[in-house]
Amino acid sequence: MFLKKLSRGYLVGKDPGAPLFYREEGNKKFQEKDYMGATVLYTKGVSHSRPNTDDISLCYANRSAALFRLGQYETCLKDITRAQMHGYPERLQLKMMLRKAECLVTLGKLQEASQIISDLESHFTDRQTVAASQFQILQSTLCRLKRKVQEKDNPTETFPAALTTGFEDMNLREENEQISCASSSVTLCTNPLKGRSLIATKDILPGELLVREEAFVSVLNPGETPPRHDGLESKWDTRVTNGDLYCHRCLKHTVAMVPCDGCSYAKYCSQECVQQAWDLYHSAECSLGGLLLTLGVFCHTALRATLLARCEDVGNVTRKLCGEISNRDICLPKSKNQVQTVSHDLGGESEKNSKTDEPPVSGCDINGKYESNYNAVLHLLPHTRNHSPEHKFLCALSVAALCRQLEAAGLQTLTTNLKSSQPKAAVVPAMCQELHIWGVAMLRHMLQLQCNAQAITTIQQTGSKENIVTDSTQVRLATGLFPVVSLLNHSCSPNTSVSFVSTVATVRASQQIGKGQEILHCYGPHESRMGVAERQQKLRSQYFFDCDCLACQNGKRRAAAGPRWEAFCCHRCGELMQGDDVLNCGSASCTESASRDRLVSRLQDLQQRVGKAQKLLRNGKLTERAIQLLSGCQRDAESFLSAEHSLVGEIEDALAQAYAALGDWHKSAAHLQKSLRVVEVRHGPASVEMGHELFKLAQIFFNGFAIPEALNTIQKAEKVLLVHYGRGNDELQELQKMKSCLLDLPPVPEGPAV
Ligand SMILES: [Zn+2]
Ligand SMILES: [Zn+2]
Ligand SMILES: [Zn+2]
Ligand SMILES: [Zn+2]
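Residues numbered from 1 in each chain as written. Chains lettered and ligands numbered in written order. Predicted model: local features only at pLDDT ≥ 70, side-chain atom pairs only at ≥ 80, totals over all residues. Heavy atoms only, no water.

Per an unreviewed UniProt entry, the protein chain goes by the name Protein-lysine N-methyltransferase SMYD4 and belongs to Myotis myotis. According to the UniProt record, the Catalytic activity (unreviewed entry) comment for the protein chain is "L-lysyl-[protein] + S-adenosyl-L-methionine = N(6)-methyl-L-lysyl-[protein] + S-adenosyl-L-homocysteine + H(+)". Quoted straight from UniProt, the Function (unreviewed entry) entry for the protein chain says "Protein-lysine N-methyltransferase. Monomethylates PRMT5, modulating its transcriptional activity. May also act as a histone methyltransferase. Plays a critical role in cardiac development. Acts as a key epigenetic regulator of gene expression during cardiac development via its dual activities as a methyltransferase and negative regulator of HDAC1." (UniProt positions renumbered as here; feature names shortened; annotations may be inferred.)

Given below as structure tokens:
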């Protein structure tokens, strides 16, 4: 689990030769007009280049050309500046400056554009440095740009106000005095059986914002590496992972990364994130890159949490840590006395204070306030007794490996980059000798993570660019610790919905919650995704408790039937089949029966065929063939699966996608509506899954100019998505734009489009 094979290409340090390789690969992609692919390859080139070399400036300049083709003008401008900063060769400047002018014109920055155009003109007349043929092209480009500037130089429209006010409800209405980052509609309680919990202090409406918390620590998941399709074992890896697309600090999606100067792994969205990450933790992590990748994301998170702890009141934290340690069964290699000396040395309040005035709830400070800080992280339960000895051994081994490496890298990294404003600077040298304390802290975090790690997810669009309707899937982007979100207990049928923007988690009520009811959140095993037995098993093995939520109580009572989205139906009369190894038709007048094994193998065969058709769709070429395949699958499914079976929904969804690709919006909408019915039965009409499906349907109606249907669907989608995401959400803004576009249309449309 911890010993993954290191993937090539993520080398610590820079590798000469790699920049050229990636630049050439990028140029190939550029010629194939795969500008996104080219962008990623140039980024890899940048990652492997040393600062202030031709290599790095050429990679940035080439990437700016790809970004230009992608219409990312702001980012293109940033890359041009970066190329110049690293000393872009004078002889190549012309082309890049023209690109810069073109960007500025498109963005409406006319004054800057005019300045560059006149600079370029004088440059030509001064020196005849360019060949005659090139000179002509440049001249005509300049003329075209000047014309554009003149055309654009009229009063510009004002930016629609609606778009800029999207974030107004992103803040909590009233912050809770007892719990930071939470709304005043909840309170923190403890209960001997369930531990800590959040309870509603008043009636809460669906969509109300309950918690909005920035991760205390988060680490980007390197992500699954897609299989090589070139079949060649080359020295450098050209495959794209999440690590190439999302900022390693703020998790923002970007196609134009700025890598760390010291390693080829860490990449960021901006220079600001490079600097912040360096100050907070990367200065210590930079030389450990390869080891951290091998040890895995939990180990990385544990290390980063302790590195971030340095930014808080170090004395206070160390004292608590020592107190923690002496209370727990984790023992320090040295004597207990020394720990006390340490805590004594660190000064602060007297010992009796912390013993007599125990805070009322664990993780709170002396005043009973619970904050999203390292103290709260430290109090998350490690469940030391529940983990298997093998797991504990592996965790200890990983932490020991890290500590050795830290020691070898020179311990000053742990301490030198602290904010110098820290008043307790005198404490630091003592800490430096106490690496074992931080080792113990790391081990504690490793053990905590199994139950407390929160997956930071995002919706990723997949599918070919030619397809207008893309498929969205939820991907795990990073692993983080959120002390306040961690206060929520689990239910397989929760009353809240969690979403993420950057590293900020937002918890909203997904249904009405009465005063006095507990605020519940799902740790993963949701009743719409797993049967009751599977959920119970998962929660017991990972989180060490037996779930007794309402969904589980109900589920146990009618466990025999199984969920409708997994049910088989009788091929004669269409009734649901029931039973274990042999299934019988549910209708009293029908005697049909079938063995489960046979039905399951038919299902697997069908799944395989659907998968094949979906692959054709993703390629975007053989759409007709995919429709043929899917229609066959649909007929087959009808003969033995319930109408609400999830595979039936998948087939309908794929058909909708295929017809949309062909521009047959009418058929596409009909199929998508069938898929929607399956989603509704499985996830509920107000679920976030339903919101995404309604959004898709609205797009289809919109493209087909089915105005009343589109407006109706937009309204439904808005209602659902608003509850889960609040106003700032991208999809909601898109829906707004579609709506205003439809309402602006002339009253009599020319009839349905193709
Ligand atoms: Zn960033
Ligand atoms: Zn680095
Ligand atoms: Zn449950
Ligand atoms: Zn039957």
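That covers the picture; the talk isn't over yet.
A. Molecular detail of the coordination of the zinc ion (ligand 1). Taken together, Cys-247 (SG), Cys-250 (SG), Cys-269 (SG) and Cys-273 (SG) make up the protein donors of the zinc ion (ligand 1), found 2.3 to 2.4 Å from the metal. Mapped onto the sequence, the donors of the zinc ion (ligand 1) take the spacing C-x2-C-x18-C-x3-C. Under the relative-accessibility criterion, Cys-269 is labelled buried at 14%. A residue is classified by how much of its surface remains accessible, and Cys-273, at 6% relative accessible area, is buried. (Donors = N, O, S within 2.8 Å, 3.2 Å for Na, K, Ca; no water. Buried < 20%, exposed > 50% of the residue type's maximum accessible area, 1.4 Å probe, protein only.)

B. The coordination of the zinc ion (ligand 2), seen in detail. Those protein atoms acting as donors to the zinc ion (ligand 2) are Cys-260 (SG), Cys-263 (SG), His-282 (NE2) and Cys-286 (SG), and they sit at 2.1 to 2.4 Å. In this structure, the zinc ion (ligand 2) is coordinated by four donor atoms arranged in tetrahedral fashion, with angles at the metal of 106 to 114°. Read in sequence order, the donor residues for the zinc ion (ligand 2) give the motif C-x2-C-x18-H-x3-C. One end of the pair, Cys-260, is in the loop between β5 (258–259) and β6 (267–268); the other, Cys-286, is in the loop between α9 (271–285) and α10 (289–295), with 26 residues separating them in the sequence. (Tetrahedral: all angles 85-135°; square planar, octahedral: opposite > 155°, others 65-115°. Helix = DSSP H or I, 4+ residues; strand = E, 2+ residues; numbered from the N terminus.)

C. Summary view of the packing of aromatic side chains. In total, this model carries eight aromatic pairs according to the counting rule given. Ring centres of Phe-21 and Tyr-22 lie 5.2 Å apart, and the angle between their planes is 75°; on these two criteria the pair is classed as edge-to-face. Measuring from ring centre to ring centre gives 6.0 Å for Phe-482 and Phe-500, while their planes differ by 50°; the resulting arrangement is tilted. Here Phe-500 lies in strand β10 (residues 496–501) and Phe-482 lies in the loop between β8 (471–481) and β9 (489–490), a separation of 18 residues in the sequence. (Phe/Tyr/Trp six-rings, centres within 6.5 Å; stacked < 30°, edge-to-face > 60°.)

D. Summary view of the sheet that holds strand β14 (residues 582–585). Spatial strand order, β13-β14-β15: three strands in an open sheet with antiparallel pairing. Each of the sheet's edge strands pairs with one partner strand only, and the pair in question is β13 (577–578) and β15 (593–595). (Pairing = 2+ DSSP bridges.)

E. Focus on unusual backbone geometry. Residues other than glycine seldom take positive phi values, yet Cys-181 does so here, at roughly 70°. Summarising the element assignment, Cys-181 is placed in the loop between α8 (161–164) and β1 (186–191). The backbone phi angle of His-383 is positive, close to 50°, even though this residue is not glycine. Given the relative accessible area of 23%, His-383 is considered partly exposed.

F. A look at the sheet that holds strand β3 (residues 209–214). Taken in spatial order, the three strands line up as β3-β11-β10 in an open sheet, and their pairing is antiparallel. Looking at the sheet topology across the chains shown, the edges are occupied by β3 and β10. Ignoring which end each strand starts from, the neighbouring axes of this sheet average 15° apart. Running at roughly 120° to strand β11 (residues 504–509), helix α27 (residues 707–725) makes contact with β10 and β11 of the sheet. (Axes fitted to C-alpha atoms, helices over the stretch in contact; angles between N-to-C directions. Contact = heavy atoms within 4.5 Å.)

G. Fine view of the nonpolar core. If you look at the biggest cluster of nonpolar residues, it comprises 110 residues, and the most contacted ones within it are Ile-179, Tyr-370 and Ile-519. Core analysis: the second largest hydrophobic core is formed by 29 residues, Ala-594, Leu-599, Ala-613 and Leu-629 among them. (Core = buried A, V, L, I, M, F, W, Y, C linked by side-chain atoms within 4.5 Å.)

H. Region of the structure containing the pattern of salt bridges. Scanning all chains against the criterion turns up 19 salt bridges. Of the charged contacts, one joins Arg-23 and Asp-55 as a salt bridge, the two residues approaching to 3.6 Å between their closest N and O atoms. Here the residue Arg-23 occupies a position in helix α1 (residues 18–31), and Asp-55 occupies one in helix α3 (residues 54–69), the gap between them amounting to 32 residues. A salt bridge links Lys-202 to Glu-208; the shortest N-O distance between them is 3.9 Å. Residue classification places Lys-202 among the partly exposed positions, given a relative accessible area of 35%. (Salt bridge = Lys/Arg side-chain N within 4 Å of Asp/Glu carboxyl O.)

I. How the structure looks around α1. In this model α1 runs 20 Å from its N-terminal to its C-terminal C-alpha over 14 residues, within 8% of the 20 Å that 1.5 Å per residue would give. All of the buried residues in α1 are Ala-18, Pro-19, Phe-21, Tyr-22, Arg-23, Glu-25 and Gly-26. Elements that come into contact with the buried residues of α1 comprise α2 (35–47) and α3. (Expected span 1.5 Å × (residues − 1).)

J. Inspection of helix α25 (residues 665–683) at higher detail. Taking 1.5 Å per residue as the helical rise, α25 with its 19 residues ought to reach 27 Å, and the 26 Å between its terminal C-alpha atoms agrees with that figure. Downstream of α25 by a residue or two, Gly-684 has a phi angle that is positive, lying close to 95°.

K. Looking closely at the UniProt feature "domain: MYND-type" (unreviewed entry) in the protein chain. UniProt records the feature "domain: MYND-type" (unreviewed entry) for residues 247–286 in the present numbering. Regarding residues 247–286, the helix share stands at 38% and the strand share at 10%, and the terminal C-alpha atoms are separated by 15 Å.

L. Up close: the packing of helix α4 (residues 73–85) against helix α5 (residues 93–106). Relative orientation of the contacting elements α4 and α5 amounts to 150°, with a least axis distance of 9 Å. In terms of their interaxial angle, α4 and α5 are classed as roughly antiparallel. Between α4 and α5 lies a crossing of left-handed hand. Each of Tyr-73, Cys-76, Leu-77, Ile-80, Ala-83 and Gln-84 in α4 lies in contact with α5, whose residues at this interface are Gln-93, Met-96, Met-97, Arg-99, Lys-100, Cys-103, Leu-104 and Thr-106. For the contact of α4 with α5, the per-class residue count stands at nine nonpolar, three polar and two charged. (Parallel < 35°, antiparallel > 145°, perpendicular 65-115°, else oblique. Left-handed = near helix turned anticlockwise from the far one by under 90°. Nonpolar A, V, L, I, M, F, W, Y, C, P; charged D, E, K, R; others polar.)

M. Structural detail: the environment of Gly-363. With respect to the element layout, Gly-363 can be found in the loop between α14 (351–356) and α15 (374–378). On the basis of relative accessibility, which here comes to 2%, the residue Gly-363 falls in the buried class. For the pair Gly-363 and Asn-373, spaced 10 residues apart in sequence, the C-alpha separation works out to 9.4 Å. If we skip the residues at most four places from it in the chain, Gly-363 touches Arg-196, Tyr-370, Asn-375, Ala-376 and His-379.

N. Spatial organisation of the packing of helix α26 (residues 688–703) against α27. Close contact between α26 and α27 brings their axes to 8 Å; oriented N to C, the two are set at 155°. Taken together, the axes of α26 and α27 lie roughly antiparallel to each other. For α26 against α27, the interelement crossing comes out left-handed. From α26, Val-688, Gly-691, His-692, Leu-694, Phe-695, Leu-697, Ala-698, Phe-701 and Phe-702 reach across to α27, where they touch Glu-709, Ala-710, Thr-713, Ile-714, Lys-716, Ala-717, Val-720, Leu-721, His-724 and Tyr-725. Among the residues forming the contact of α26 with α27, the class breakdown is 13 nonpolar, four polar and two charged.

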